[in-house]
Amino acid sequence: MSSPFVLEGTYFGRKRFEGVEERDGLRMHFAGWSQPLEAYGIALEEAGLAITSTREPVPDLNDGRNHMARWTRLPLFLWLKARPLAF
């Protein structure tokens, strides 16, 4: 929780990620692409949309989700709300 924030490689550009999480006898494989925030903004703009709100939800550890403690320091998710641009 108190370790320094370290970004390996570059933040900019598209990067493939894969990972496996195991908990309570269940195993889930995650795979996808990491992209800079600007890429999401550009994609929405090119689709004729404008971002109207952003959220970076913080896990609630009071309900026994202690395994999520590391995500109370850095965001795990970014939620964007977008609407059509008014012309």
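The structure reproduced in this document is the subject of the present report. On a predicted model such as this, the values are computed, not experimentally measured, just so you know.

Observations concerning the overall build of the protein
Item 1. Looking only at helices and strands, the protein has one helix and four strands in total.
Item 2. For the protein, the C-alpha atoms occupy an extent of roughly 50 × 30 × 30 Å along the three principal directions.
Item 3. Out of the 87 residues belonging to the protein, those deemed buried represent 7%.
Item 4. By element, 55% of the accessible surface of the protein is carried by carbon and sulfur atoms, the whole surface being about 7,800 Å².
Item 5. Looking at charge distribution, the protein has the averaged site of its 11 positive side-chain charges lying 2 Å from that of its 11 negative ones.

Let's talk about the packing of aromatic side chains
Item 1. Counting across every chain of the model gives one aromatic pair.
Item 2. Pairing Y11 with F12 gives two aromatic rings, centres 5.2 Å apart and planes at 80°, and the pair type is edge-to-face.
Item 3. On the basis of relative accessibility, which here comes to 59%, the residue F12 falls in the exposed class.
Item 4. Directly above the aromatic system of W33 lies the positively charged group of R14, at a separation of 4.1 Å from the ring centroid.

A closer look at the side chain of S53
Item 1. Considering the arrangement of structural elements, one finds S53 in strand β3 (residues 49-55).
Item 2. The residues touching S53, leaving out its near neighbours within four places in the chain, are W79, L80 and K81.

Things to note about the pattern of salt bridges
Item 1. Inspection of the entire model under this criterion finds two salt bridges.
Item 2. E18 is the salt-bridge partner of R16, the closest N and O atoms lying 3.7 Å from each other.
Item 3. Of the residues examined, R16 reaches a relative accessible area of 41% and is grouped as partly exposed.
Item 4. R27 serves as the salt-bridge partner of E22, at 3.2 Å between the closest nitrogen and oxygen.

Quick word on the environment of W71
Item 1. Among the secondary structure elements, W71 is positioned in the loop between β3 and β4 (79-84).
Item 2. The class for W71 is partly exposed, based on a relative accessible area of 22%.
Item 3. Considered as a pair, W71 and D60 are eleven residues apart in the sequence and their alpha carbons are 10.0 Å apart.
Item 4. Residue contacts for W71: discarding those within four places in its chain leaves P59 and L76.

So, the pairing of strand β2 (residues 26-34)
Item 1. Sheet analysis places strand β1 (residues 15-23) next to β2, joined by nine bridges and oriented antiparallel. Residue pairing in the sheet places R16 in a bridge with W33 of β2.
Item 2. Between β1 and the antiparallel strand that follows it, β2, lie two residues; D24 among them carries a positive phi value of about 50°.

Conventions we followed
Residues numbered from 1 in each chain as written. Predicted model: local features only at pLDDT ≥ 70, side-chain atom pairs only at ≥ 80, totals over all residues. Heavy atoms only, no water. Helix = DSSP H or I, 4+ residues; strand = E, 2+ residues; numbered from the N terminus. Buried < 20%, exposed > 50% of the residue type's maximum accessible area, 1.4 Å probe, protein only. Areas by Shrake-Rupley, 256 points an atom, 1.4 Å probe, with all protein chains shown as cover. Lys, Arg positive; Asp, Glu negative; His and termini not counted. Charge placed at Lys NZ, Arg CZ, Asp CG, Glu CD. Phe/Tyr/Trp six-rings, centres within 6.5 Å; stacked < 30°, edge-to-face > 60°. Lys NZ or Arg CZ within 6 Å of the ring centre and 35° of its normal. Contact = heavy atoms within 4.5 Å. Salt bridge = Lys/Arg side-chain N within 4 Å of Asp/Glu carboxyl O. Pairing = 2+ DSSP bridges.

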